[in-house]
Amino acid sequence: MGVVMGPVEKAVRDDVEQLGDLAGVEPSLSEMAYTLAHHIDVTTSGQCDTCGEGVPTEDGTRSLPQLNRELRQTLAQLLEGRATDDDDDDLGDLGTPE
């Protein structure tokens, strides 16, 4: 039985896919985001993704806020580099009357 992707990991992968080609540190950041999202899914489901057995939820529940913060920070870093690229477009306002 293969590893089933949880809803958070699927959403993160879909979002990163929409970014198109990744450059620089973006591939590393996206892999970090996938891993964090995967751990959030495992923590919230309470089930091991490889064996299907229950996992202790006490430790996972305590780590969930930290995992969420890390995922948000990683995604923000991934998008941060993209935002500066859009600002460098000198011709981007040609359609806007002055």
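Residues numbered from 1 in each chain as written. Predicted model: local features only at pLDDT ≥ 70, side-chain atom pairs only at ≥ 80, totals over all residues. Heavy atoms only, no water.

Enquirer: Even after reading the chapter, I still don't get the side chain of serine 30, so can you show me in this structure?
Expert: Counting through the fold element by element, serine 30 comes out in helix α2 (residues 26-45). Classification of serine 30 by relative accessible area gives buried; the value is 2%. When near neighbours in sequence (up to four residues on either side) are disregarded, serine 30 contacts Val16, Leu22 and Leu78. (Helix = DSSP H or I, 4+ residues; strand = E, 2+ residues; numbered from the N terminus. Buried < 20%, exposed > 50% of the residue type's maximum accessible area, 1.4 Å probe, protein only. Contact = heavy atoms within 4.5 Å.)

Enquirer: What should I look at first to understand the confidence of the model for the chain in this one?
Expert: The predicted structure's coordinates, where accompanied by low pLDDT, should not be read in detail. Mean pLDDT for the chain: 80, with 66% of residues reaching 70 or above. For the chain, per-element mean pLDDT is lowest for helix α3 (residues 57-87), which scores 80, and highest for helix α1 (residues 7-18), which scores 96. (pLDDT = per-residue confidence, 0-100.)

Enquirer: Quick question: what am I supposed to make of α1 here?
Expert: A turn of α-helix holds 3.6 residues, and therefore any two residues three or four places apart point the same way. Over its 12 residues, α1 runs 17 Å from end to end, which matches the ideal 16 Å to within 8%, given 1.5 Å per residue. Along α1, the residues classified as buried are Glu9, Val12 and Val16. With its buried residues spanning 65° around the axis, α1 presents them on a single face. Turned more than 90 degrees away from the buried face of α1 sit Pro7, Glu17 and Gln18, all of them exposed. (Expected span 1.5 Å × (residues − 1). Arc of directions from axis to C-beta.)

Enquirer: Which parts of the structure should I look at to understand the nonpolar core?
Expert: Soluble globular proteins: nonpolar side chains tend toward being buried together. One finds Val12, Val16, Leu29, Ala33, Tyr34, Leu36, Ala37, Ile40, Leu67, Leu71 and Leu78 forming the largest nonpolar core, which totals 11 residues. Taken together, the elements giving at least two residues each to this core come down to α1, α2 and α3. Broken down by element, the residue count for this core peaks at six residues, all from α2. Ignoring any residue separated from it by four or fewer positions in sequence, one finds leucine 78 in contact with Val16, Leu19, Glu26, Leu29 and Ser30. (Core = buried A, V, L, I, M, F, W, Y, C linked by side-chain atoms within 4.5 Å.)

Enquirer: What should I look at first to understand the environment of valine 42 in this one?
Expert: Topologically, valine 42 is positioned in helix α2. Of the residues examined, valine 42 reaches a relative accessible area of 18% and is grouped as buried. Counting along the chain gives 36 residues from valine 42 to glycine 6, while the straight-line C-alpha distance between them is 7.7 Å.

Enquirer: Help me out: how do you make sense of the pattern of salt bridges in this one?
Expert: Pairing between side chains of opposite charge can happen when the charged atoms of each approach one another. Overall, the coordinates contain two salt bridges when judged by the stated rule. Measuring nitrogen to oxygen at the nearest pair gives 3.0 Å for the salt bridge that ties lysine 10 to aspartate 14. A residue pair is termed a helical-turn pair when its members lie 3 or 4 positions apart in one helix, as lysine 10 and aspartate 14 do in helix α1 at four residues. For lysine 10, a relative accessible area of 46% gives the class partly exposed. Aspartate 14 gets classed as partly exposed once you look at its relative accessible area, which sits at 33%. (Salt bridge = Lys/Arg side-chain N within 4 Å of Asp/Glu carboxyl O.)

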